[in-house]
Number of protein chains: 2
Amino acid sequence: MVHPRVLRALSTPLVGHLDPAFLSLMDEIQELLRLTFRTRNQFTIAVSGTGSAGMEAALVNMVEPGDSVIIGVNGVFGSRMAAIVERCGGRLICVEAPWGQIVEPDAVAAVLTRSGPVKAVAVVHAETSTGVHQPLEEIGRLCRQGDALFVVDAVTSLAGVPLEVDAWAIDVCYSGTQKCLSCPPGLAPLTLSERALSVIRNRKGPCQSWYLDLALAADYWTEGKRAYHHTAPVSMLYGLREALRLVQEEGLEARFARHRRNSTALMAGLEALGLAPFPQEGYRLPSLNCVKIPAPMEDRAVRSELLQDYGIEIGGGLGQLQGKVWRIGLMGESSSQANVLHVLSALEAILLRRNWIVRPGTAVESASRVFATSPAAQ
Amino acid sequence: MVHPRVLRALSTPLVGHLDPAFLSLMDEIQELLRLTFRTRNQFTIAVSGTGSAGMEAALVNMVEPGDSVIIGVNGVFGSRMAAIVERCGGRLICVEAPWGQIVEPDAVAAVLTRSGPVKAVAVVHAETSTGVHQPLEEIGRLCRQGDALFVVDAVTSLAGVPLEVDAWAIDVCYSGTQKCLSCPPGLAPLTLSERALSVIRNRKGPCQSWYLDLALAADYWTEGKRAYHHTAPVSMLYGLREALRLVQEEGLEARFARHRRNSTALMAGLEALGLAPFPQEGYRLPSLNCVKIPAPMEDRAVRSELLQDYGIEIGGGLGQLQGKVWRIGLMGESSSQANVLHVLSALEAILLRRNWIVRPGTAVESASRVFATSPAAQ
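What counts and how
Residues numbered from 1 in each chain as written. Chains lettered and ligands numbered in written order. Predicted model: local features only at pLDDT ≥ 70, side-chain atom pairs only at ≥ 80, totals over all residues. Helix = DSSP H or I, 4+ residues; strand = E, 2+ residues; numbered from the N terminus. Contact = placed C-beta atoms within 7 Å. Pairing = 2+ DSSP bridges. Axes fitted to C-alpha atoms, helices over the stretch in contact; angles between N-to-C directions. Least-squares fit on C-alpha atoms with pLDDT ≥ 70 in both. Domains from an automatic or database assignment. Nonpolar A, V, L, I, M, F, W, Y, C, P; charged D, E, K, R; others polar. Parallel < 35°, antiparallel > 145°, perpendicular 65-115°, else oblique. Left-handed = near helix turned anticlockwise from the far one by under 90°. Expected span 1.5 Å × (residues − 1). Buried ≥ 20, exposed ≤ 12 C-beta atoms within 10 Å, placed from the backbone. Right-handed = clockwise from strand over helix to strand, strands pointing away.

Asks: When you look at the overall build of chain A in this model, what are you seeing that I'm missing?
Replies: Broken down by element type, chain A carries 13 helices and twelve strands. Here the C-alpha coordinates of chain A stretch approximately 65 × 55 × 35 Å along the principal axes. Considering only contacts in chain A between residues 6 or more positions apart, those separated by 24 or more positions represent 70%.

The following block contains the structure:
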């Protein structure tokens with residue numbers, strides 16, 4: 001769900017992408033993005049593509065043929081990063097973990113120690129395919145010690161769970177607009193530390209992508225330069241500014257607390273329905289709630305009834321988890337008490353109708369108890 | 001300028017990018033794009049990026065390291081294609097022409113004959129940096145004879161001047177949404193012939209871009225498959241559908257006639273002000289009107305007064321043409337009698353005020369004579 005103010009911003013009449021009025025909007029977006037990423041990085045922009053374009057931009061700019069790159073792989077998006085590193089001609093070193101588990105910092109440390117020089121270590125902060133919430137601080141420290149760049153995929157975490165780009169020594173961090181920022185999909189916020197920028201400036205050869213070449217993009221996003229690279233997606237940037245303003249008006253801490261509260265209530269309700277969390281305990285995302293589907297419940301039947309009869313879309317499993325889990329997003333605007341109670345009521349009704357559960361009322365009751373005992377932030 | 005119906009479409013509340021309601025919207029967009037490109041190509045999509053992403057997608061999918069590629073270079077966008085071919089490791093063969101001139105089909109023929117096997121020939125249909133309207137049919141025939149793929153940049157031509165993807169044997173054609181389609185920037189319509197598709201299917205190695213890998217995109221855009229690749233930019237696609245509907249409601253032939261009529265009137269007015277056309281006679285784009293700046297007129301002073309005092313943005317020269325030409329777009333919604341008269345009146349007032357012309361009234365009069373003698377289409 002997107003806030004009506006963002007929808008309205010999208011329909012603002014357009015100005016040129018080099019118009020002074022538009023350039024000041026870009027300055028404002030950069031400053032709002034810095035606040036949201038919690039960084040002072042000068043290079044903080046919105047890449048003209050979806051979150052996957054942010055991932056590709058992050059990797060193709062950092063990795064040159066032959067560079068060793070460690071990727072934490074514990075779900076679809078870690079695998080995607082690995083695929084991109086291979087397409088860059090990088091020497092790929094995967095630190096794998098079972099889906100649903102975090103990538104252990106100790107495992108990263110062990111590989112870093114025995115790998116020789118490593119150009120970058122990349123992990124997914126919020127693995128959308130499994131609901132795992134990856135801890136970052138320890139890996140950030142290891143990267144600084146090992147002189148490797150730390151690359152973080154924050155697509156489903158930015159503005160939903162705490163993320164500290166500067167404090168956690170993250171060199172490259174990217175996200176997508178359509179998750180916890182509650183803006184339509186189409187842009188990828190991205191920030192680079194000075195270390196990452198100097199890697200780009202000292203490449204041996206040009207970046208293999210022209211469109212996503214951040215050295216060229218920098219000349220457009222730098223105040224005073226504003227050199228034409230490609231035409232900026234003006235309407236989407238109108239929308240993003242409004243979404244970022246909403247984030248600041250709420251305040252990041254209040255926003256994180258809201259995400260936690262709604263997720264706790266949802267999970268209490270889901271457990272009452274017999275749906276156990278999929279990810280490792282202690283590492284569960286509030287923005288993406290992933291639960292196992294117990295026999296005899298059927299994945300597709302439930303999801304299509306939810307969509308058709310209740311207008312609720314939940315995610316099915318991706319890759320090896322197909323048919324095995326449900327993924328319920330509570331991101332940004334969509335993380336609300338109303339949505340938690342709506343999806344639990346709907347699920348309960350569907351499961352009762354099919355005799356997959358026997359007693360009504362427990363899901364909503366369990367969630368309501370959480371809401372009653374943890375008051376919403378002011 | 002974007003039609004109010006398109007602005008309204010952008011602010012439509014979102015559905016998921018795999019929602020059945022959204023998938024049928026994608027079918028509709030594909031069909032409307034086929035009508036606009038004048039093609040029966042099954043693979044006709046909107047790439048999730050601006051026109052430059054379309055260019056990169058076209059080239060990185062077709063070109064593998066070592067492939068010989070002929071690029072017609074007579075402006076900024078031909079040079080950009082050449083840069084991308086080099087980043088793909090292609091063997092670049094430039095057929096250059098002075099800026100403002102077309103790339104002669106005979107010159108392409110000569111190079112094709114002596115170059116050995118050529119994978120692709122790429123030219124820019126509407127060179128936005130010079131206002132040149134490149135003829136395509138003859139080069140299309142040469143490509144079929146020489147078994148080379150014919151790649152066409154139609155960023156500033158699609159829906160503004162005649163373009164016949166099938167009839168002119170074009171294998172890969174891409175455009176941008178913000179030119180003659182009058183949709184905000186952010187998407188790149190792209191179509192591939194069966195020949196081009198089979199080249200993608202038979203690549204030796206994977207495409208160097210994951211985000212722009214058309215083999216992966218195909219699985220999302222194919223009815224019945226709809227496999228997740230990256231999240232589609234939903235709002236932008238709402239806008240594009242509406243813009244394409246407006247194109248069909250007007251009719252392509254009527255739209256081309258409107259672009260011609262308004263351009264003829266504008267050029268009559270500009271010549272009355274002493275501004276001569278920059279491009280070679282007989283090959284001038286109606287969507288992008290490029291004129292030389294005669295001494296003592298000053299580029300920046302005029303453009304900033306136009307913007308500040310009249311709210312009119314015209315383009316300055318790019319690259320080697322900086323300070324030497326003005327580029328006046330009359331594209332899509334912006335190609336109107338009102339805009340022609342507005343920009344001529346404003347230019348005349350500015351030039352008079354600075355004593356760069358002596359007599360008032362001739363520009364608007366000359367344009368009005370064209371409007372009077374060539375009635376608008378019904």
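Picking up after the structure, the text goes on.
Asks: Before we go on, may I ask you to explain the sheet that holds strand β7 (residues 149–153) of chain A in this structure?
Replies: All names here are of chain A. The seven strands lie next to each other as β1-β9-β8-β7-β4-β2-β3, forming an open sheet whose pairing is mixed. Among the strands making up the open sheet, the edge pair consists of β1 (44–47) and β3 (91–96). Neighbouring strand axes in the sheet, compared pairwise and without regard to direction, differ in orientation by 20 degrees on average. Pairing between strand β2 (residues 68–73) and strand β4 (residues 120–124): three bridges, direction parallel. Counterpart to Ile70 in the pairing with β4 is Val121. Across the sheet, helix α3 (residues 51–62) is in contact with β1, β4, β7, β8 (172–174) and β9 (188–192); its angle to β9 comes to roughly 25 degrees.

Asks: Teacher, can you tell me more about the relation of the copies chain B and chain A here?
Replies: Between the two chain copies there is a screw-like relation: a rotation about an axis and a shift along it. Note on the identical chains: chain B maps onto chain A by a rotation of 180 degrees and an axial translation of 0.0 Å, with an RMSD of 0.0 Å. The transformation just described matches what one would write down for a two-fold rotation axis. When you check the interface residues of chain B against chain A, 97% turn up at the interface there too, and the contact is symmetric in its surfaces.

Asks: I tried to follow the sheet that holds strand β8 (residues 172–174) of chain B on my own but got confused; where do I start?
Replies: Pairing between the strands of a sheet comes from backbone hydrogen bonds, and it takes one of two forms, parallel or antiparallel. Residue and element names in this part refer to chain B. In spatial order, the strands read β1-β9-β8-β7-β4-β2-β3; together these seven strands make up an open sheet with mixed pairing. On the outer flanks of this sheet lie β1 (44–47) and β3 (91–96), each paired with one strand and no other. Across this sheet, the average inter-strand angle for adjacent strands is 20 degrees, counted without regard to direction. Bridge analysis of β1 against strand β9 (residues 188–192) gives four bridges, and the strand direction is antiparallel. Each residue of the ladder has a partner; that of Val47, found in β9, is Ala188.

Asks: What exactly am I supposed to notice about the domain arrangement of chain A here?
Replies: Residue and element names in this part refer to chain A. Structurally, chain A comprises domain 1 (4–250) and domain 2 (252–373). With centres defined by C-alpha atoms, the gap from domain 1 to domain 2 works out at 29 Å. Taken together, the 24 residues of domain 1 in the interface contact 24 residues of domain 2. Put simply, the parts of the chain that give the side of domain 1 that touches domain 2 at least two residues each are β6 (132–133) and α9 (234–250). A breakdown of the residues in the side of domain 1 that touches domain 2 according to their chemical character gives eleven nonpolar, eleven polar and two charged.

Asks: I would appreciate a short explanation of the packing of helix α10 (residues 252–272) of chain A against helix α13 (residues 362–373) of chain A in the present structure.
Replies: The relative placement of two packed helices comes down to the angle between their axes together with the axis-to-axis distance. All names here are of chain A. In contact at an axis separation of 7 Å, α10 and α13 are set at 150 degrees when each is read in the N-to-C sense. Here α10 is positioned roughly antiparallel relative to α13, judged by the angle of their axes. Taken as a pair, α10 and α13 cross one another with a handedness that is right-handed. Contacts between α10 and α13 involve Thr264, Ala265, Leu266, Ala268, Gly269 and Ala272 from the former and Thr362, Ala363, Val364, Ser366, Ala367, Arg369, Val370 and Phe371 from the latter. A breakdown of the residues in the contact of α10 with α13 according to their chemical character gives nine nonpolar, four polar and one charged.

Asks: How do you make sense of helix α11 (residues 299–310) of chain A when you look at a structure like this?
Replies: Since the α-helix packs 3.6 residues into each turn, any two residues three or four apart lie on the same face. Compared with an ideal rise of 1.5 Å per residue, which puts twelve residues at 16 Å, α11(A) spans 16 Å between its outermost C-alpha atoms and is within 8% of the ideal. Looking one or two places after α11(A), you find A:Gly311, whose phi comes out positive at around 65 degrees.

Asks: Help me out: how do you make sense of helix α2 (residues 20–37) of chain B in this one?
Replies: Residue and element names in this part refer to chain B. Here α2 spans 26 Å end to end across 18 residues, near enough to the 26 Å set by a 1.5 Å rise per residue. Of all the residues in α2, the buried ones are Ile29, Gln30, Leu32, Leu33, Thr36 and Phe37. In this fold, the buried residues of α2 make contact with β1, β8, β9, α8 (214–221) and α9 (234–250). Positive backbone phi, at 55 degrees, marks Arg38, one or two positions downstream of α2.

Asks: Any chance you could explain the pairing of strand β12 (residues 325–329) of chain A here in plain terms?
Replies: Remark: a regular strand shows side chains that alternate across the two faces of the sheet. All names here are of chain A. For β12, the buried fraction is high: five of the five residues fall into the buried class. What you see with β12 is no split at all: Val325, Arg327 and Gly329 on one side and Trp326 and Ile328 on the other are buried throughout. Pairing between strand β10 (residues 288–292) and β12: five bridges, direction antiparallel. Paired with Cys290 across the two strands is Arg327, which belongs to β12. Bridge count for strand β11 (residues 315–316) against β12 is two bridges, and the pairing is antiparallel. Bridging across to β12, Gly316 finds its partner in Trp326.

Asks: Can you walk me through the interface of chain B and chain A in this structure?
Replies: The accessible area lost on association of the parts is a frequent measure of interface size. Across the boundary between the two partners, chain B contributes 38 residues, which contact 37 residues of chain A. When residues of the side of chain B that touches chain A are traced back to their parent elements, those giving at least two are α1 (4–10), α3 (51–62), α4 (76–87) and α9 of chain B. It is α3(B) that provides the largest number of residues to the side of chain B that touches chain A, a total of four residues. Of the residues assigned to the side of chain B that touches chain A, the class counts are 17 nonpolar, 16 polar and five charged.

Asks: Help me out: how do you make sense of unusual backbone geometry in this one?
Replies: Among all residues save glycine, negative phi is the norm, and among peptide bonds the norm is trans. Residue and element names in this part refer to chain A. The omega torsion of the bond from Ala295 to Pro296 falls at 5 degrees, within 30 degrees of zero and hence cis. For Pro296, the location among the structural elements is in the loop between β10 and α11. Positive phi, close to 55 degrees, is recorded for Ser182, a residue that is not glycine. Within the secondary structure, Ser182 sits in the loop between β8 and β9.

Asks: Any chance you could explain the pairing of β3(B) here in plain terms?
Replies: Residue and element names in this part refer to chain B. Examined bridge by bridge, strand β2 (residues 68–73) and β3 share six bridges and lie parallel to one another. Considered in β3, the bridge of Val69 is made with Leu92. At this point the chain moves from β2, through α4, to the parallel β3, and the crossover so formed is right-handed.

Asks: Looking at this model, I keep getting lost on the environment of A:Gly282. Mind explaining?
Replies: Within the element layout of this structure, A:Gly282 appears in the loop between α10 and β10. The spacing of A:Gly282 and A:Glu250 is 32 residues in sequence and 26 Å in space, taken between C-alpha atoms.

Asks: Can you walk me through the packing of helix α5 (residues 105–114) of chain B against helix α6 (residues 137–145) of chain B in this structure?
Replies: Residues and elements named next belong to chain B. The geometry of α5 relative to α6 is characterised by a closest axis approach of 9 Å and an angle of 15 degrees between their N-to-C directions. As the angle between them shows, α5 and α6 are arranged roughly parallel. Here the hand of the crossing between α5 and α6 comes out right-handed. Residue-level inspection shows Pro105, Val108, Ala109 and Leu112 of α5 in contact with α6, the latter providing Glu138, Ile139 and Leu142.

Asks: In this structure, what is going on with the environment of A:Thr156? I would like to understand it.
Replies: All names here are of chain A. Within the secondary structure, Thr156 is located in the loop between β7 and β8. Sequence separation between Thr156 and Ala295 is 139 residues; the distance between their C-alpha atoms is 29 Å. Those residues in contact with Thr156 that sit more than four places away from it in its chain are Ala126, Thr128, Lys179, Cys180, Leu285, Ser287 and Leu288.

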